[in-house]
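In case you want the letters, here they are:
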Amino acid sequence: MLRCLVAVTACVILAASGARAADVHAWADAEVERLIPLYEHLHQNPELSFEERETARRIADELQAAGCEVTTGVGGHGVVGLLKNGNGPTVMFRCDLDALPVAEETGLPFASTKTAVAAGGAESGLMHACGHDLHMTNFIGVARFLAAHRHDWTGTAMLVAQPAEERGNGAQRMIEDGLFTRLPKPQFALALHCDSSMATGRVGWRAGYVCANTDSCDIVVRGRGGHGSRPEGCIDPIVQAAQLVLDLQTIVSREISPFEPAVITVGSIHGGSKHNIISDECRLQLTIRSYDPAVRDRLHESIRRKAFAVAESFGAPEPTVTFDEGTPAVFNDEGLVMRVVPSFEAVLGEENVLPVEPVMGGEDFSFYSLAGVPVFMFRLGTVNPDEIEAARREGRPLPTLHSAKYAPDVRPALRTGLVASTQALLSLMPPRVE
Ligand SMILES: [Zn+2]
Ligand SMILES: [Zn+2]
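Definitions and limits used
Along each chain, residues carry numbers from 1 onward, in the same order as the chain's sequence is written. Following the order in which they are written, the chains are lettered starting with A and the ligands numbered starting with 1. Where totals are concerned, whole chains, interfaces and linings use all residues; where local detail is concerned, this predicted model gives features only for residues with pLDDT of at least 70, and gives and counts side-chain atom pairs only at 80 or more. Just so you know, side-chain values use all the structure's heavy atoms and leave hydrogens and water out. Numbering of helices and strands runs from the N terminus, with a helix taken as a DSSP run of H or I at least four residues long and a strand as a DSSP run of E at least two residues long. It is over C-alpha atoms that the radius of gyration is taken, and the globule rule equals 2.2 Å times the number of residues to the power 0.38. Buried means the residue's accessible area, taken with a 1.4 Å probe over protein chains only, is under 20% of the maximum for its type, while exposed means over 50%, and partly exposed covers the values in between. What sets the accessible areas is the Shrake-Rupley method with a 1.4 Å probe; for residues, cover comes only from the shown protein chains. Only four residue types enter the tally: Lys and Arg on the positive side, Asp and Glu on the negative side; His and the chain ends are excluded. Lys charges are placed at NZ, Arg charges at CZ, Asp charges at CG and Glu charges at CD. Each metal site is built from N, O and S donor atoms within 2.8 Å (3.2 Å for Na, K and Ca), and since water is not included, such sites may look incomplete. Here the metal geometry follows the donor angles, with tetrahedral for four donors whose angles all fall between 85 and 135 degrees, square planar for four and octahedral for six when opposite donors are more than 155 degrees apart and every other angle is between 65 and 115, and irregular for all the rest. One less than the residue count of a helix, multiplied by 1.5 Å, gives the span that helix is expected to have. Think of it as the arc spanned by the lines of direction from the helix axis to the C-beta atoms. Any two of the Phe, Tyr and Trp rings considered here, Trp counted by its six-membered ring, make a pair once their centres fall within 6.5 Å; the pair's planes then place it as stacked at under 30 degrees, edge-to-face at over 60, or tilted in between. Here the nonpolar core consists of buried residues drawn from Ala, Val, Leu, Ile, Met, Phe, Trp, Tyr and Cys, with membership extended through side-chain atoms lying within 4.5 Å. In what follows, residue pairs with any heavy atoms lying within 4.5 Å of each other are defined as contacts.

J.: What am I meant to see in the overall build of the chain here?
T.: The helix and strand inventory of the chain stands at 10 helices and 18 strands. Its C-alpha atoms give the chain a radius of gyration of 24 Å, within 12% of the compact-globule value 22 Å for 434 residues. The buried share of the chain, taken over its 434 residues, is 52%. With the model as given, the accessible surface of the chain reaches about 18500 Å², and the carbon-plus-sulfur share is 53%. Taking the 38 positively charged and 54 negatively charged side chains of the chain as two groups, their mean positions are separated by 1 Å.

J.: Quick question: what am I supposed to make of the coordination of the zinc ion (ligand 1) here?
T.: Geometry sets the ideal angles at a metal, namely 109.5 degrees for four tetrahedral donors and 90 or 180 degrees for six octahedral donors. Distances from the zinc ion (ligand 1) to its protein donors, Cys130 (SG), Glu166 (OE), Glu166 (OE) and His402 (NE2), fall within 2.0 to 2.7 Å. Here the zinc ion (ligand 1) binds four donor atoms, and the angle range of 52 to 148° at the metal identifies the geometry as irregular. Binding-site remark: the zinc ion (ligand 1) is held by donors from one chain whose sequence spacing is C-x35-E-x235-H. In this structure, the zinc ion (ligand 1) is positioned 3.2 Å from the zinc ion (ligand 2), and both are ligated by Cys130. A residue pair is termed long-range when its members are at least 10 positions apart, and Cys130 in the loop between β5 (123–125) and α3 (132–148) and His402 in the loop between α9 (385–394) and α10 (410–428) qualify at 272 residues. According to the relative accessible area criterion, Cys130 is buried, its value standing at 6%. What makes His402 partly exposed here is its relative accessible area of 39%.

J.: I'm lost on the coordination of the zinc ion (ligand 2) in this one. Help?
T.: Protein coordination of the zinc ion (ligand 2) is provided by Cys130 (SG), His132 (NE2) and His193 (NE2), with donor distances spanning 2.1 to 2.4 Å. As a motif over one chain, the donors of the zinc ion (ligand 2) read C-x1-H-x60-H. Judged by relative accessible area, His193 falls into the buried class, the value being 9%.

J.: Looking at this structure, how should I read helix α6 (residues 293–313)?
T.: With 21 residues, α6 extends 30 Å from end C-alpha to end C-alpha; this agrees with the ideal 30 Å at 1.5 Å per step. For α6, the complete set of buried residues consists of Val295, Arg296, Leu299, His300, Ser302, Ile303, Lys306, Ala307, Val310 and Ala311. Looking straight down α6, one finds its buried side chains confined to an arc of 165°; they lie on one side. Turned more than 90 degrees away from the buried face of α6 sit Ala294, Glu301, Glu312 and Ser313, all of them exposed. Of the residues flanking the end of α6, it is Gly315, one or two places downstream, whose phi is positive at about 65°.

J.: I keep staring at the packing of aromatic side chains and nothing clicks. Help me out?
T.: Working definition: an aromatic ring pair is given by the centre-to-centre distance plus the angle between the planes. As enumerated under the stated definition, the model contains 10 aromatic pairs in all. On the numbers, 5.0 Å between centres and 85° between planes, the contact of Tyr209 with Phe331 is edge-to-face. Of this pair, Tyr209 sits in strand β9 (residues 208–211) while Phe331 is found in strand β16 (residues 330–332), placing the two residues 122 residues apart along the sequence. Tyr209 sits in the partly exposed class, given a relative accessible area of 28%. For Phe331, a relative accessible area of 43% translates into the label partly exposed. One aromatic cluster is present, built from ring pairs that chain together Phe180, Phe365 and Tyr368.

J.: I'm lost on the nonpolar core in this one. Help?
T.: General note: in soluble globular proteins, nonpolar side chains tend to be found buried as a group. Counting 64 residues, the largest nonpolar core has Leu63, Phe139, Leu146, Leu190, Phe344 and Phe376 as its most contacted members. Among the elements that make up this core, the one with the highest residue count is α10 (10 residues). Here Leu63 is in contact with Cys68, Val70, Val79, Val80, Gly81, Phe139, Ile140, Ala143 and Leu159, once residues within four sequence places are set aside. Of all hydrophobic cores here, the second largest spans 22 residues; its members include Val80, Leu82, Ala191 and Phe365.

J.: Sorry, what's going on with the side chain of Ser279 here?
T.: With respect to the helices and strands, the residue Ser279 is situated in the loop between β13 (277–278) and β14 (281–290). Judged by its relative accessible area of 12%, Ser279 is buried. In contact with Ser279, other than residues within four places in its own chain, are Arg224, Gly225, Ile235, Pro237, Ile238, Gly271 and Gly272.

In structure tokens form, the structure reads like this:
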């Protein structure tokens, strides 16, 4: 149903915006080459979440040079550029500033050699392994396009460069620091994310849920330590933890409807120090994924209940169960998707605008919709089609996002990103009436 309506609207928009489409392709071809040095600079100088000082400074300078009114230091290193162009809607476009503690293995001539001390204290390589360098470069290109094509739109473009996406709370901090009170609250918010399996030249879209609720949970299971030869005098936290790992498996399989996506993974378990010592405690770290808020609440309640029940069954002290770093699910507004997707089809061709499946990964773009702004995050193809075909023939997987080997095919990906992003924004901001 949605698909049919989108196709019909596409024809209307195509007719209305033919002149704009021709213009944007020529502009994007030239702009990509002007943007490549910025991309390589950002790629070579990644910074961790909450530490994006130099990245934020460069983005602020670029926005300023493009003609934006710039506000820095919003919720940490967040930067906002406003382009005002008369009466009309305020439309937000967002990119993310942070990189990951990954040692790059792409072999690119401009590969990152930076290192940093990651959370936990270990020294690590640093890399834009999630493609945020491409997001930022595209974002600056969008600012330049809007500044140079003021006759094509009216309203206010709100360009938001957000810190700490990878930690799941940079958006929240910007909102808490007055993003939508000190600065205008937009009618719509758009963003794109690199896709590590989609061919360049293409974009992907979906209405409704696209990314999951993601939560971390830490459990400390307690016992009473002692000699490994005298279990009767101890309460063994390792056996208790083992029991708990198995009990946790029945939450998704027995308590949640098969029609509701949910995941509980125990990603780490640490306890004890030596063969013949029963320890005092054992620590577990879980990741939890879902879409529906009620399912999310149920998963949390059930994990807590299972942990306390296992402790009680062992006659053990109560465990500690804490939930952290929660990112709510991203829900693409259906009405907004239907307004924007036809603009993609008009400039890229219907065959290059693909419906995509949701993922169980997380994205803190959701915080903007929880603050009352309809959002649409679309995906940008970043893989050379020949590389996709070669990988398929050879039966080898392509590097995923967050992989040390992820290297987007920058020029064609950026070109499509610029065309799609600018046309998406124009579709929400009416042209100036001469
Ligand atoms: Zn990421
Ligand atoms: Zn990302």
